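Fold and geometry: a report
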Amino acid sequence: MQPIRRRHRGFALLCLSAALLAAATLLPGAAVAEGVTPSEARRLRDEVKDMFYHAFDGYMKYAFPLDELRPLSCQGEDSLGGYALTLIDSLDTLALLGDKEKFGAAVEWVGKNVHFDINKTVSVFETNIRILGGLLSAHLIASDYATGMRIQSYDDQLLHLAADLAQRLLPAFDTPTGIPFGSVNLLYGVDENESKITSTAGGGTLTLEFGILSRLTNNTVFERVTKKSVRGIWSRRSKLNLVGAHINVFTGEWTQKDAGIGTSIDSFYEYLLKAYLLFGDEEYLYIFQEAYKAAMHYLHHDPWYVEVNMNSGATVWPLFNSLQAFWPGLQVLAGDVDPAIRTHAAFFSVWKKYGFTPEGFNLATSTVQNGQRSYPLRPELIESTYWLFKATRDYRYLDVGRDILASLQYGARCPCGYCHISDVETHKQDDHMESFFLAETVKYLWLLFDLAAGPDNIVENGPYKYIFSTEGHLLPVTPEIALEDEHCSYFGAFCNGGADHGYGASASSTKHRNGNYTQLDDIQTPSSHYSMSNVLFTPGYIKGVCPGLTHAQKFGISYSDEEDNFIEQTSESLDHHGESAIESSVQDQSSSIILISHPVASQQDEAFESESGSQDHANIVVTSDSDSDSTSRDNTVGSPGMNSEELMDDI
């Protein structure tokens, strides 16, 4: 069987398109919308635009420059850090709507007036996804003529702000596990009495923003610390490949062992797949596949998802919580559309029952969970609706969007903006409007109807494919972001000597040039471990054909027993080749890492190899750390309902 090959790394661009096109052709009834005509879609799109400006103008008039609007009392409040949060979170929505005047004025104001040398203790997670993501997205739009939103006077002010902010977040990562504290003081670092407990989402939802910043600033430290955090979480997964909700960042012990796809965990899954799509790092793809497979096996009770004990798999909460509603959209990106359709329909049935989705809905009693009766204008259901319509062009999703829009207009609209709903049964309004309403909820609604009307925006017609962050920020798959790391080894071999010198041809790659190359033709892979259909190829790298290794070992993080057995078997080989290669890469690892590197080749050579189908060589280096725990599992690539060959097809 011929191995799956991937062309020069346009794969991140094509992966989205391939999954969506495949879904559109395979699903029955995937025709152009019937229920909502293009003219009605244009009217609904314009109504959403008016919704945005009602809330945005209310914020600018009554709350700016405070963080958020109190839409009932028409006042402002500082809820996160006191740096015009809602404005920064709204920047790329202004650009998406084509409002160049307000976008330019907002960018100019932020560049001149926002600063982060303030004595404020802030959430690392929220500051990353809302502020850092908002600054980076707006920078990438404002600095590029190809977007049509280039600001003539712009001189990278937002990028400088983003780099300064990220530097102030870095002290949070100074923990034994590499998993960051949940909060950090922007002026003084981590507070002395800061909690050592953080959420899985808090530690695993940093890779996109920090990774982009590394590529834009040529400072690899941001990407390194966030990858180490992901590894720190994944290396402590249970034998079932499940992760809990809360973890001690010093000991690595799980303090809440409930595994689910919603509260405290949700975007951990999301950023694994999106980091692969944006950066092309197959380590993230492998972890996502393993995590997704486990979630579908232990959490999925078609069409619902429950929370289980991460070690036993026993159900502990038969609960739908509103944050789960992002999952069908993620499944669309992964190419697993059929279960996404069923789950979305179930989730929307809750919305139809109450007019909104409560924070918690008890599946055992079919009632709103006590203490979780509110709807804080969350975007997740409409986000999945947009992706399912984009994949299927099924008119039912426009009907869903129309119903959601009607609920927001009649239930949440208030004098100066849109209000939280404090109780989905009484529809009582609460005097809050979080910034994500403008960053996500309105954005996905507008994109849904614009797609049906005949798209005219930078996401659909612009020069790049875009990955949406968990806050809905537009992250373009540009060569600067997706290809900058072309010659760096994956899986922890960060360009040797390049920690502060960016990406590209590295000493690490050169040093391995005369290492223990393994000719593909000479490898005899035991059929009991893998088949050639599981081999993933990229220019300059070979993965999946290391005899005697499990997939977990090859792709980075394994359990101690398995690790010790392998190291004992291969110690003579490692001694023969020396320890210099190991020492250059182990400093950033918190668990066993398999490094696969290749001598630096020119882009012309890589292009030639890609076209000619020539086979590459690999240099395999094994490092270990005795801190990893638990017992070994033999993991294989693949997920129920998600075929990695389909995901990579035509890429």
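Definitions and cut-offs
Residues numbered from 1 in each chain as written. Predicted model: local features only at pLDDT ≥ 70, side-chain atom pairs only at ≥ 80, totals over all residues. Heavy atoms only, no water. UniProt positions renumbered as here; feature names shortened; annotations may be inferred. Helix = DSSP H or I, 4+ residues; strand = E, 2+ residues; numbered from the N terminus. Buried < 20%, exposed > 50% of the residue type's maximum accessible area, 1.4 Å probe, protein only. Contact = heavy atoms within 4.5 Å. Pairing = 2+ DSSP bridges. Axes fitted to C-alpha atoms, helices over the stretch in contact; angles between N-to-C directions. Parallel < 35°, antiparallel > 145°, perpendicular 65-115°, else oblique. Left-handed = near helix turned anticlockwise from the far one by under 90°. Nonpolar A, V, L, I, M, F, W, Y, C, P; charged D, E, K, R; others polar. Disulfide = S-S within 2.5 Å. Expected span 1.5 Å × (residues − 1). Phe/Tyr/Trp six-rings, centres within 6.5 Å; stacked < 30°, edge-to-face > 60°. Lys NZ or Arg CZ within 6 Å of the ring centre and 35° of its normal. Core = buried A, V, L, I, M, F, W, Y, C linked by side-chain atoms within 4.5 Å.

This part covers the UniProt feature "binding site: Ca(2+)" (unreviewed entry) in the chain. The positions UniProt marks with the feature "binding site: Ca(2+)" (unreviewed entry) are T470. The residue T470 is located in the loop between β20 (466-468) and β21 (474-476) in this model. On the basis of relative accessible area, T470 is assigned to the buried category, the value being 15%. Residues contacting T470, with those up to four places away along its chain left out, are I129, T205, S267, E270, Y271 and E440.

Next up on the list: the sheet that holds strand β6 (residues 246-248). In sheet architecture, strand pairing relies on hydrogen bonds along the backbone and comes in two forms, parallel and antiparallel. Spatial ordering of the open sheet is given by β5-β6-β7, a layout of 3 strands whose pairing is antiparallel. A strand with exactly one partner marks an edge of an open sheet, and here the two such strands are β5 (197-199) and β7 (254-256). Across the sheet, the mean angle separating the axes of adjacent strands is 35 degrees when strand polarity is ignored. The pairing of β5 with β6 spans 3 bridges and is classified as antiparallel. Looking at β6, one finds that I197 is bridged to N248.

It is worth spelling out the packing of helix α2 (residues 38-62) against helix α16 (residues 436-453) at this point. Direction vectors running N to C along α2 and α16 enclose 160 degrees, while the axes themselves pass 7 Å from each other. In terms of orientation, α2 and α16 fall into the roughly antiparallel class. For α2 against α16, the interelement crossing comes out left-handed. The segment α2 lies against α16, with P38, A41, R42, L44, R45, V48, K49, M51, F52, A55 and F56 engaging F437, L438, V442, L445, W446, F449, D450, A452 and A453. Residues of the contact of α2 with α16, tallied by class, amount to 16 nonpolar, no polar and 4 charged.

So, about the packing of helix α10 (residues 266-279) against helix α12 (residues 327-334). A pair of packed helices is captured by two measures, namely the crossing angle of their axes and the spacing between those axes. Look at α10 against α12: their axes get within 11 Å of each other, and the N-to-C directions meet at 25 degrees. Put simply, α10 runs roughly parallel to α12. Seen along the crossing, α10 lies across α12 with a hand that is left-handed. Taken together, the residues of α12 that come into contact with α10 (itself represented by Y269, E270, L273 and K274) are W327, L330, L333 and A334. Among the residues making up the contact of α10 with α12, the classes are represented as 6 nonpolar, no polar and 2 charged.

This model, assessed by the stated rule, comprises 2 disulfides. Across the disulfide from C74 sits C416; the S-S distance is 1.7 Å. In this structure the cystine formed by C74 and C416 twists about its S-S bond by roughly 75 degrees; its chirality is therefore right-handed. One end of the pair, C74, is in the loop between β1 (68-70) and β2 (75-77); the other, C416, is in the loop between β16 (413-414) and β17 (417-418), with 342 residues separating them in the sequence.

Since there are 3.6 residues in each turn of an α-helix, residues three or four apart along the chain are aligned in direction. In this model, helix α15 (residues 396-412) (17 residues) spans 23 Å end to end at C-alpha, consistent with the 24 Å of a helix rising 1.5 Å per residue. Where α15 is concerned, the buried positions are Y397, L398, V400, G401, I404, L405, S407, L408, Q409, G411 and A412.

Here we take up the sheet that holds strand β15 (residues 367-368). A sheet is described by the order of its strands in space; here 3 strands give the open sequence β13-β14-β15, paired in antiparallel fashion. Each edge of the open sheet is held by one strand with a lone partner, namely β13 (319-321) and β15. Relative to strand β14 (residues 360-362), β13 runs antiparallel, the two being bridged by 3 bridges. From the neighbouring strand, F320 faces β14, where its bridge partner is F361. Helix-sheet contacts for helix α13 (residues 337-354) involve β13, β14 and β15, and the interaxial angle to β14 is about 100 degrees.

All right, on to unusual backbone geometry then. A cis amide bond links F64 to the next residue, P65, at an omega of 5 degrees. As for its position among the elements, P65 is in the loop between α2 and β1. Of note, L377 is a non-glycine position whose phi angle comes to about 65 degrees, a positive value. Counting through the fold element by element, L377 comes out in the loop between β15 and α14 (380-392).

Bringing the packing of aromatic side chains into the picture now. Tallied over the entire structure, the rule returns 28 aromatic pairs. Taking the centre distance of 5.4 Å and the plane angle of 10 degrees together, the rings of F52 and F56 count as stacked. Remark: F56 and F52 occur in helix α2; sequence separation between them is 4 residues, near one turn of the helix. Residue classification places F52 among the buried residues on the basis of a relative accessible area of 0%. For the cation-ring pair, K196 lies above F250, with the distance from its terminal atom to the ring centre recorded as 5.1 Å. The ring of F389 carries R393 above its face, with NZ or CZ at 5.7 Å from the centroid.

Formed by 169 residues in total, the largest nonpolar core has its most connected members in F103, F210 and W327. In terms of residue count, the dominant contributor to this core is α16 (12 residues). Residues in contact with F210, not counting those within four places in the same chain, are N128, L132, A166, L169, L170, F173, F222, E223, V225 and T226.

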